[in-house]
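Summary of structural features
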Amino acid sequence: MPTSSRIIDVRNRVWRWLRLRLLHIGSGTWKRLRPVALRVVVWIVSVYRVRLRRVVFIGVTGSCGKTTTTGMVAAVLSSQYKGYKGPGNSNLLKAVIRTLLHTRRGDQFCVQEFTIGGIGEAIPLEEQIKMFQPQMGVVTTVGDDHISAHGSREAIAAEKGKLISMLPQNGTAILNADDPLVLAMQSRCKGRILTYGLSPDALLRAEDIRDDWPNRLSLTVLYEGESVRVHTQLCGAHLVPNVLAAMAVGQAMGVSLQSAATALATVAPVPGRMYPIESPNGVTFICDDVKAPVWAIPPALDFIRRATAKRKIIIFGTLSDYKGGAPSSTYARIARQAVEATDYVFFVGQWASRSLRAKRHADDQALQAFVTVDHLNGFLRGFLEPGDLVFIKGSVADRLLRIVSAWTQKPQGMPAADSRDLDHSVTPTIANDAPSISTDGAVLEKGVTQLVVGLGNPGKRFEQTPHNVGYRALELLAESLQATWSEEELGFVARAHVQGHPVLLVKPATEMNRIGPWMRQLADQAQLRAQDCVIIHDDLYLQPGVVRNRMSGSSGGHKGVQSIIAAFQSEEIRRIKIGVGLPTDGTPVARYVLTLFDTAQRDTVENTCRQAATRVLEMLKTHLISRS
């Protein structure tokens, strides 16, 4: 077998072993051996790296734009050289190892992105960089990604700056002159420094930037008295630093500005990063759904603000990497900024209701929250129109691409524009999917002033379970008001009077997680606002025996409350929370809330529910006083 073939065979064997062993942790023994095995593999790969002395290795890091920059660097250099680019959006140790093993002696460059990750990794970043041995380092920006792990931007910059400090004396640092924390890294560089940005002090600069959708990003790049107009396929002026970084690498490698500009014109946006998708229905989606750090949202809003479209709509998933202030205030702040930039703003997910505090008035339809993507899809099915521009911002875990999937399916089987994990099995459902309630005039007594709903699951088998303490508290309230129960279409109903005012008590026949649309329909028929409703429910995060009042607020993760808030599009719903505690014996929560209380717990539960009933009565009386 020729020498080169043997080397390739050995390399492939190593990579197959890595995939089988390192990427999939198996037994407890392997978990203990994994750190040692990783270091052995790093040593083996480092030895292989010695053979690649003629390859220029380029590392890219930063809080955002790494994948986009890496792709553009590869495109610019490929206009003149042969080389290898690490797989997109893959910047962990396994990807660095794979990139090295796939680089050949005949390559002239290799470009790989690096992330700092968390603290205490098996192989620290500096060891990964040492294994890679870059001759060139690119830093895009320093933001709040990983802020919870590292504590400050300065600490994040110190970690990312390791790429620059480990460059050799004949190496080159490509630094963003517009970011003070990145620019400060030049003091850590032993070699050449090439800066880029909008700053007049940057060696490679941009001016005359245009990104007014439907036009794509274009800019003029200047370097050492020469200038060139760059037309890209990208969306958003906040990607200018990534374009400049790629062109700076090209300059350092001897690629002319014109050749770099020509190469960049062919680079498509990276899926999941300001990635446009046209639907057959004439709706355009801009997908930025890989991550949603709060610090990176304002530039994206600027793009939407400058865009031209029939209607502009923003969909947010889960926000991340925010510091200072409560999560609720952060969601509300972002919602207010978004409403000012666009026509409609929709949040989706477990914490979506936090955004509703930014509503400008009770009937503000420009800002809405949805519990699940399917609920949002059901709403969008009757809402979106041809000519709409929909910007999607979230994280991979939100799986917001399912929204696009529902709109890019084509009956003739034509492929969607973006094949990343499109879930073609999604069948949009209407958000208001609760069974309709028919009333014959007897169900709702005229003049009902307040509605009290005990949350629980219908059926005798769910009695005496944590999820049904809301039912029990409502029964005790009805008993104290001498109200009798009747079984009707909407569930068990008791009609009572509090200080002479009719109050409706209901134990729904609807499954708890779907209760929101049902309760909204009932409230609408009784002409009640969200503030006129009270819900009683269990709370896993309160100890057994604890009862807490709340006049408004987020769901706290309770799916029934999530459903109600989403249906009313308001957090202004009064509630009484009954503590049931978390399971202490390892029982899954989903099973625990449907498991019967043991005999020792039942007296405590009964007393707590009685206390909750008293609290509800006090809440009802206080509300009547405030209305009078």
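Residues numbered from 1 in each chain as written. Predicted model: local features only at pLDDT ≥ 70, side-chain atom pairs only at ≥ 80, totals over all residues. Heavy atoms only, no water.

1. Details of the overall build of the protein
Tallying secondary structure elements over the protein gives 20 helices and 22 strands in all. Looking at the protein residue by residue over its 628 residues, the buried ones come to 53%. For the protein, contacts bridging at least 24 residues in sequence account for 69% of all contacts bridging at least 6. By element, 51% of the accessible surface of the protein is carried by carbon and sulfur atoms, the whole surface being about 27,400 Å². (Helix = DSSP H or I, 4+ residues; strand = E, 2+ residues; numbered from the N terminus. Buried < 20%, exposed > 50% of the residue type's maximum accessible area, 1.4 Å probe, protein only. Contact = heavy atoms within 4.5 Å. Areas by Shrake-Rupley, 256 points an atom, 1.4 Å probe, with all protein chains shown as cover.)

2. Examining the side chain of T68
Take T68: it is sitting in helix 3 (residues 66–78). Sequence-distant contacts of T68, defined by excluding residues within four places in its chain, comprise N242, V270 and R273.

3. A closer look at helix 5 (residues 125–132)
Taken as a whole, helix 5 has its buried residues at L125, Q128, I129, M131 and F132. Buried residues in helix 5, looked at end-on, bunch into an arc of 160 degrees, giving them a common side. Q133 lies just past helix 5 and shows a positive phi near 55 degrees. (Arc of directions from axis to C-beta.)

4. Some thoughts on the packing of helix 14 (residues 373–381) against helix 15 (residues 401–408)
Packing of helix 14 against helix 15 leaves a shortest axis separation of 10 Å and a crossing angle of 40 degrees. Our pair here, helix 14 against helix 15, has a crossing hand that is right-handed. Where helix 14 abuts helix 15, its residues V373, D374, L376, N377, L380 and R381 lie against R402, I403, A406 and W407. In terms of residue class, the contact of helix 14 with helix 15 is built from six nonpolar, one polar and three charged. (Axes fitted to C-alpha atoms, helices over the stretch in contact; angles between N-to-C directions. Left-handed = near helix turned anticlockwise from the far one by under 90°. Nonpolar A, V, L, I, M, F, W, Y, C, P; charged D, E, K, R; others polar.)

5. Side note on the sheet that holds strand 11 (residues 284–288)
Pairing between sheet strands relies on hydrogen bonds along the backbone, with the strands arranged either parallel or antiparallel. What the six strands build is an open sheet, ordered 10-11-15-12-13-14; its pairing is mixed. The sheet is open, and its two borders are formed by strand 10 (275–278) and strand 14 (367–370), each paired with just one other strand. Each neighbouring strand pair of the sheet contributes to a mean axis angle of 20 degrees, computed without reference to strand direction. Pairing between strand 13 (residues 344–348) and strand 14: four bridges, direction parallel. Bridge assignment links V345 to a residue of strand 14, and that residue is L367. Each of strand 11, strand 12 (311–316) and strand 15 (388–393) touches helix 12 (residues 297–306); the most contacted strand, strand 12, lies at about 160 degrees to it. (Pairing = 2+ DSSP bridges.)

6. A few points about the pattern of salt bridges
What the rule picks out here adds up to 21 salt bridges. A salt bridge links K460 to E463; the shortest N-O distance between them is 3.8 Å. Residue E463 is classed as partly exposed on the basis of its relative accessible area, which comes to 41%. K507 is the partner of E475 in a salt bridge, and the nearest nitrogen-oxygen pair spans 2.7 Å. (Salt bridge = Lys/Arg side-chain N within 4 Å of Asp/Glu carboxyl O.)

7. Re the packing of aromatic side chains
Taken as a whole, this structure holds 11 aromatic pairs when the rule is applied. Summarising the aromatic geometry, the rings of F346 and F379 are spaced 5.3 Å apart at their centres and angled 85 degrees between planes, so their arrangement reads as edge-to-face. With a gap of 33 residues between them, F346 in strand 13 and F379 in helix 14 connect regions that are remote in the sequence. Judged by relative accessible area, which is 22%, F379 ranks as partly exposed. Through successive ring pairs, a cluster of aromatic residues spans Y344, F346, F370, F379 and F383. Here the guanidinium or amino end of R311 rests over the ring plane of F383, the centre of that ring lying 4.3 Å away. Directly above the aromatic system of Y471 lies the positively charged group of K507, at a separation of 5.8 Å from the ring centroid. (Phe/Tyr/Trp six-rings, centres within 6.5 Å; stacked < 30°, edge-to-face > 60°. Lys NZ or Arg CZ within 6 Å of the ring centre and 35° of its normal.)

8. Thoughts on the nonpolar core
In terms of nonpolar packing, the biggest core is built from 94 residues, with L204, M247, F316 and F347 touching the most fellow members. Broken down by element, this core gets its largest block of residues, eight residues, from helix 10 (residues 240–252). When neighbours within four sequence positions are excluded, L204 is seen to be in contact with L194, T195, Y196, G197, V221, L222, Y223, L244, M247, A248, Q251 and L257. Counting residues in each nonpolar core, the second largest holds 33 residues, with V452, L474, I536 and C609 among its members. (Core = buried A, V, L, I, M, F, W, Y, C linked by side-chain atoms within 4.5 Å.)

9. Regarding the packing of helix 16 (residues 469–480) against helix 20 (residues 599–627)
The geometry of a pair of packed helices is captured by two quantities: the angle between their axes and the separation between those axes. At a closest axis distance of 8 Å, the pairing of helix 16 and helix 20 adopts a crossing angle of 60 degrees. With respect to helix 20, the element helix 16 is oriented oblique. With respect to the hand of their crossing, helix 16 and helix 20 are arranged in right-handed fashion. Residues V469, R472, A473, L476, L477 and E479 of helix 16 touch helix 20, and the partners they reach there are V605, E606, C609, R610, A612, A613, V616 and L617. Each residue belonging to the contact of helix 16 with helix 20 can be placed in one class, and the counts come to 10 nonpolar, no polar and four charged. (Parallel < 35°, antiparallel > 145°, perpendicular 65-115°, else oblique.)

10. With respect to the pairing of strand 16 (residues 450–454)
Within strand 16, five of the five residues are buried, leaving the element largely enclosed by the surrounding structure. Burial along strand 16 is two-sided: the face carrying Q450, V452 and G454 and the face carrying L451 and V453 are both buried. Relative to strand 19 (residues 501–508), strand 16 is paired through four bridges, and the arrangement is parallel. Directly across from L451, in strand 19, lies its bridge partner L504. Bridge analysis of strand 16 against strand 20 (residues 533–539) gives four bridges, and the strand direction is parallel. Considered in strand 20, the bridge of V453 is made with I535.

11. Points about the side chain of S353
By secondary structure assignment, the location of S353 is in the loop between strand 13 and strand 14. Among the polar contacts listed, one links the side chain of S353 to the side chain of E571, at a separation of 2.9 Å. Apart from residues no more than four positions distant in its own chain, S353 is found in contact with A369, S554, S555, I565 and E571. (Polar contact = N/O pair within 3.5 Å; in protein donor to acceptor, adjacent residues only side chain to side chain.)

12. Considerations on the pairing of strand 5 (residues 172–176)
Across the five residues that make up strand 5, a large majority, five, are buried. Burial along strand 5 is two-sided: the face carrying T172, I174 and N176 and the face carrying A173 and L175 are both buried. Pairing geometry for strand 5 and strand 6 (residues 192–197), over five bridges, is parallel. Note that in strand 6 the partner of L175 across the bridge is T195.

13. Overview of a nonpolar patch on the surface
On the surface, V36, V40, W43, I44 and V47 cluster together to form a nonpolar patch covering roughly 490 Å² of accessible area. Relative to the assigned elements, W43 resides in helix 2 (residues 28–50). (Patch = residues over 30% accessible without salt bridge, like charges linked within 9 Å, V, L, I, M, F, W, Y side chains within 5 Å.)

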